[in-house]
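# Descriptive structure summary
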Amino acid sequence: GEQAKWNTTGRSILRSDNTTKWISSDFEVLEEKNMGDPTTVTEFIQWANRVAPAENQALFIHGHSLGLGSIITDNEVNAPLHVDELAASLEQLKTDESIDLELLRMDGCLTGTLELAYELKDSAQFTIGSEQISGAGSGTYRSHAQSLDRYPYEADARDLASSMIEDFKINYSQ
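Right, let's walk through the structure included here. (Residues numbered from 1 in each chain as written. Predicted model: local features only at pLDDT ≥ 70, side-chain atom pairs only at ≥ 80, totals over all residues. Heavy atoms only, no water.)

## Comments concerning the sheet that holds strand S7 (residues 124-128)
Operational definition: Strands pair, by our definition, only if DSSP identifies at least two bridges between them. Under the scheme used here, helices are H or I runs from DSSP no shorter than 4 residues and strands are E runs no shorter than 2 residues, and both carry numbers assigned from the N terminus. Whenever a helix is involved, its axis is fitted only over the stretch in contact; in every case the axis is a line through C-alpha atoms, and angles between N-to-C directions fall within 0 to 180 degrees.
In spatial order, the strands read S3-S6-S7; together these three strands make up an open sheet with parallel pairing. Both outer strands of the open sheet, strand S3 (58-62) and S7, are each paired with one neighbouring strand and no more. Across the sheet, the mean angle separating the axes of adjacent strands is 15° when strand polarity is ignored. The pairing of S3 with strand S6 (residues 101-107) spans five bridges and is classified as parallel. Each bridged residue has a counterpart across the sheet, and for Leu59 the counterpart in S6 is Leu104.

## Brief notes about the pairing of S6
For the record, the criterion: Throughout this description, buried means an accessible area under 20% of the type-specific maximum (1.4 Å probe, protein chains only), exposed means over 50%, and partly exposed covers the range between. Here, the term right-handed applies to a crossover whose path from the first strand over the helix to the second runs clockwise when the strands point away from the viewer.
Of all seven residues making up S6, seven are buried, and the element is well covered by its neighbours. Bridge count between S6 and S7: four bridges; the pairing is parallel. Each residue of the ladder has a partner; that of Leu104, found in S7, is Thr127. The handedness of the S6 to S7 crossover, carried by helix H3 (residues 114-119), is right-handed.

## Things to note about the environment of Gly67
In plain terms, the rule: What makes two residues a contact is simply this: any of their non-hydrogen atoms within 4.5 Å.
Mapped onto the fold, Gly67 is located in the loop between S3 and strand S4 (72-74). The spacing of Gly67 and Glu43 is 24 residues in sequence and 23 Å in space, taken between C-alpha atoms. When sequence neighbours within four positions are dropped, the list of residues in contact with Gly67 reads Val83, Cys109, Leu110 and Leu116.

## Some words on the packing of aromatic side chains
Quick note on the threshold: By convention, a stacked pair of Phe, Tyr or Trp rings (six-membered ring in the case of Trp) has centres within 6.5 Å and planes under 30 degrees apart, an edge-to-face pair has planes over 60 apart, and any other such pair is tilted.
Inspection of the entire model under this criterion finds one aromatic pair. Relative to Trp47, the ring of Phe44 has its centre 5.7 Å away and its plane inclined at 35°; by these criteria the two rings are tilted. Of this pair, Phe44 and Trp47 both sit in helix H1 (residues 38-51), three residues apart, which is roughly one turn of that helix. On the accessibility criterion, Trp47 (7% relative accessible area) is buried.

## Overview of empty space enclosed by the protein
Gaps left between atoms are located by rolling a probe of water-molecule size over the structure's atoms. How we decide: Of the grid points, spaced at 1 Å and generated over the protein atoms alone, those admitting a 1.4 Å probe that cannot get out make up cavities, while open sets with protein on both sides within 12 Å along at least five of seven lines make up pockets; any residue with an atom within 4 Å of a point is treated as lining. Grid points are joined across faces, edges and corners, and a volume is the space filled by probe spheres set on the points.
Applying the stated criterion to the full structure yields one cavity of 30 Å³ or more. Empty space within the largest cavity amounts to approximately 30 Å³. Considering the residues around the largest cavity, the lining is formed by Ile45, Leu90, Leu93, Lys94, Ile99, Leu101 and Ser123. Looking at which element gives the most residues to the lining of the largest cavity, the answer is helix H2 (residues 83-97), with three residues.

## With respect to the pattern of salt bridges
What counts is decided by this rule: Whenever Lys or Arg places a side-chain nitrogen within 4 Å of a carboxyl oxygen from Asp or Glu, that contact is recorded as a salt bridge.
The final tally for this structure, using the stated rule, is five salt bridges. In this structure, Glu28 engages Arg11 in a salt bridge whose closest nitrogen and oxygen atoms are separated by 2.9 Å. Within this pair, whereas Glu28 is found in strand S2 (residues 28-30), its partner Arg11 is found in strand S1 (residues 9-11), the two being separated by 17 residues in sequence. Taking relative accessible area as the criterion, Glu28 reaches 36% and is therefore assigned partly exposed. Note that Lys33 is salt-bridged to Glu31, the shortest N-O span being 3.1 Å. Judged by its relative accessible area of 21%, Lys33 is partly exposed.

Structure below.
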């Protein structure tokens with residue numbers, strides 16, 4: 001479908017289709033959310049588990065990062081999401097609701113350092129990020145999204161993480 005652009009927060013379950021030019025899944029438009037508030041992450045994961053429960057789960061966080069300083073910052077309210085806050089939120093979901101992430105991908109600068117990975121060691125089986133300053137288009141989702149679409153039950157977290165790293169290497173070198 002086609003929707004007008006919005007300037008708040010949206011969420012969607014992305015469905016496979018025949019186009020790679022745009023996302024044709026409908027988005028639910030919400031009131032403004034503070035992306036620096038760990039409650040926002042928790043509520044999003046709970047929503048996703050309600051509307052699309054899955055045996056294997058991945059969380060992608062895309063935005064500007066300061067590494068150990070913050071995973072992402074909501075520039076509207078100047079509120080950073082700190083690493084320890086994210087780790088505590090994910091641990092709480094695991095303890096209270098048995099929601100266990102297999103993969104945590106952070107598409108932001110300095111999110112792949114050993115120090116950051118250590119802080120998130122109990123948050124997911126695999127974490128992916130860049131140890132460098134990375135460009136906005138430094139990774140795509142196309143090949144691993146296509147792989148999941150074709151083989152939804154065969155891919156495990158290690159295979160998916162490996163394909164994401166390969167995508168990053170190919171696209172960042174271009």
